[in-house]
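Breakdown of the fold
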Amino acid sequence: CLSRLLVNAMGGEINLNPEYASGMKGNPGAEFVVRLPMNTLLVSDHEGNAMHSVPAYRAVSQAVLASRSSKQMPFEVERNISDEVPTLNKLNGDDGCFIGKFRILIVDDDRISRKMLRRRFSRLFPHGVLDEAQSGEQCLEYITIHKKFYDIIFMDQNMGAINGDETIKKLRESNVDSLIIGISANKIEGLHITAGADGFYQKPIPPDGILLQRFATQLPPPGNWRVLILDSIKSNTYFTQKELQQVSSAHFTTVEESEGRWSMTPCFDSEKAMSLIANQWFDLILLDHNLQNLSTDVCLGAYAREYGMNKDAIIVLCSSLCRKGINEKKSFNLFWSKPLPSVEIIRQNLCQELLKSRSFVKDMDKPC
């Protein structure tokens, strides 16, 4: 059942208390004991006085047992509670997250579910902007009427008037090309995929590491990126823009939709490029080594690292030469040979650059 799956996902256990009796004739009732790994807390007696520090799962158990009548003999349950409950830190070996201002919409009619999903995705997208919709109608209102854009939409199924699969279908009919992930306690993956979803997770959703791996193969970088394309040949910048438009769009439903995703600035002169880098924010910079000569272009990368408005921009060196023939000075993140790689490879390369450890993000967010 869903409750057991949730408890197991948190490293706990749920068991029936065979000694429980409700005290109501003809209605024996049932009691389930849930054990969860938690930090220690201070136990209080019935008057609120502090007693001693014990593991929280034992403190909760003691509190439950203390509230029962001694005639029910609940102490056997207490003896069955092991001190060897695993900690969450041991279970959670995932330390990854995506940097970038991803815009995320959580669609679920249950407030507690939305709260849990928000907490989870806030951890995976620490710089993201999260919205909530409590129905399919509200989701459609946000996107089709208020013209809000989301990089990812997480969609529940059973929500009243319009269910999740119907909402997904209406979104796709409106050329919404966000990444849509279905989430439900029921096994309805086929229903959501047929409606147009990109993936589906049965509750409880998988661990962070699995989610990050899957997102890295499907998710385009955030839809508000600013891109600088530096190339001496104008036709190259034109075709590069066209390919990047597809990279920015999960489904590339229409040209109009994709053109509005990223703001792209072509540049054909190194001096102008230096001015742009120093005075404008760019999330992605593509440098062509043939603009003048290799050493100058590598210096442009170093210049962006030292003087750029965004010193952490992803810098890509593009060249018709093989990488072995380039004197790399580690001022760029990626190397793409010309002609450029496929849309899927470019998208995955960029997403891998956005995948960082949470400790890295904490250090990055510290004030200078």
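Residues numbered from 1 in each chain as written. Predicted model: local features only at pLDDT ≥ 70, side-chain atom pairs only at ≥ 80, totals over all residues. Heavy atoms only, no water.

1. Some words on the overall build of the chain
For clarity, the threshold we go by: In this text, helices come from DSSP runs of H or I with a minimum length of four residues, and strands from runs of E with a minimum of two, each type numbered from the N-terminal end. Any two residues whose heavy atoms approach within 4.5 Å are treated as being in contact. Only the protein chains shown count as cover for residues, and all accessible areas are computed by the Shrake-Rupley method using a 1.4 Å probe.
Check the secondary structure of the chain and you find 15 helices and 16 strands. Taking the intrachain contacts of the chain between residues at least 6 apart in sequence as the baseline, contacts between residues at least 24 apart amount to 64%. For the chain, the exposed area adds up to about 19,700 Å²; of that, 52% sits on carbon and sulfur atoms.

2. Let's talk about the packing of aromatic side chains
So the rule is basically this: Any two of the Phe, Tyr and Trp rings considered here, Trp counted by its six-membered ring, make a pair once their centres fall within 6.5 Å; the pair's planes then place it as stacked at under 30 degrees, edge-to-face at over 60, or tilted in between. For each residue, the accessible area found with a 1.4 Å probe, counting protein chains only, is set against the maximum for its type, and the residue is called buried under 20%, exposed over 50%, and partly exposed in between.
If you walk through the whole model with that rule in mind, you get nine aromatic pairs. Taken together, a centroid distance of 5.3 Å and an interplanar angle of 80° make the contact between Tyr 238 and Phe 239 edge-to-face. Residue class for Tyr 238 comes out partly exposed when judged on its relative accessible area of 46%. On the basis of relative accessibility, which here comes to 56%, the residue Phe 239 falls in the exposed class. Pairing Tyr 303 with Tyr 307 gives two aromatic rings, centres 5.0 Å apart and planes at 40°, and the pair type is tilted. Of this pair, Tyr 303 and Tyr 307 both sit in helix H13 (residues 294–307), four residues apart, which is roughly one turn of the helix. An aromatic cluster is built from Phe 98, Phe 102, Phe 121, Phe 125, Phe 154 and Phe 215, whose rings are joined through pairwise contacts.

3. What about the pattern of salt bridges?
This is how it is decided: Any Lys or Arg side-chain nitrogen located within 4 Å of an Asp or Glu carboxyl oxygen qualifies as a salt bridge.
Applying the stated criterion across every chain yields a total of 13 salt bridges. Between Glu 13 and Arg 35 there is a salt bridge, and its shortest N-O distance comes to 1.5 Å. Of this pair, Glu 13 sits in strand S1 (residues 13–16) while Arg 35 sits in strand S2 (residues 32–35), placing them 22 residues apart in sequence.

4. Quick look at the confidence of the model for the chain
Basically, it comes down to this: The predictor attaches a confidence to each residue, called pLDDT, with possible values from 0 through 100.
Here the chain shows a mean pLDDT of 80. Residues at 70 or above account for 77%. Predicted confidence for residues 39–93 stays below pLDDT 50, and this span has 64 contacts to residues more than four positions away or in other chains. In the predicted structure, residues 292–298 sits below a pLDDT of 50 and forms 13 contacts with residues beyond four places in sequence or in another chain.

5. Describing the packing of helix H9 (residues 208–218) against helix H14 (residues 343–354)
Note the following rule: All axes are obtained by fitting lines to C-alpha atoms, using only the stretch in contact for helices, and the reported angles, taken between N-to-C directions, cover 0 to 180 degrees. Roughly parallel means an angle under 35 degrees; roughly antiparallel, over 145; roughly perpendicular, 65 to 115; everything else is oblique. In this count, Pro and Cys sit with the nonpolar residues alongside Ala, Val, Leu, Ile, Met, Phe, Trp and Tyr, while Asp, Glu, Lys and Arg are called charged and the others, Gly among them, polar.
In contact at an axis separation of 7 Å, H9 and H14 are set at 140° when each is read in the N-to-C sense. When the interaxial angle is binned, H9 and H14 end up oblique. On the side of H9, the interface is formed by Ala 216, Thr 217 and Gln 218, while H14 contributes Arg 347, Gln 348, Cys 351 and Gln 352. Class assignment for the residues of the contact of H9 with H14 results in two nonpolar, four polar and one charged.

6. Focus on the nonpolar core
The condition that has to hold: Nonpolar cores are built from buried Ala, Val, Leu, Ile, Met, Phe, Trp, Tyr and Cys residues. Side-chain atoms within 4.5 Å join them into one set.
If you look at the biggest cluster of nonpolar residues, it comprises 44 residues, and the most contacted ones within it are Phe 121, Phe 125, Phe 215 and Leu 350. Ranked by residues supplied to this core, first place goes to H14 with five residues. Those residues in contact with Phe 215 that sit more than four places away from it in its chain are Phe 98, Leu 124, Phe 125, Phe 154, Ile 181 and Tyr 201.

7. Digging into unusual backbone geometry
A cis amide bond links Lys 203 to the next residue, Pro 204, at an omega of -5°. Take Pro 204: it is sitting in the loop between strand S10 (199–202) and H9. Between Lys 338 and Pro 339 the backbone carries a cis peptide bond, its omega angle lying at -5°. By the element assignment, Pro 339 lies in the loop between strand S15 (334–337) and H14. Phi at Lys 147 takes a positive value of approximately 60°, unusual for a residue other than glycine. Relative to the assigned elements, Lys 147 resides in the loop between helix H6 (136–145) and strand S8 (152–155). Classification of Lys 147 by relative accessible area gives exposed; the value is 64%.

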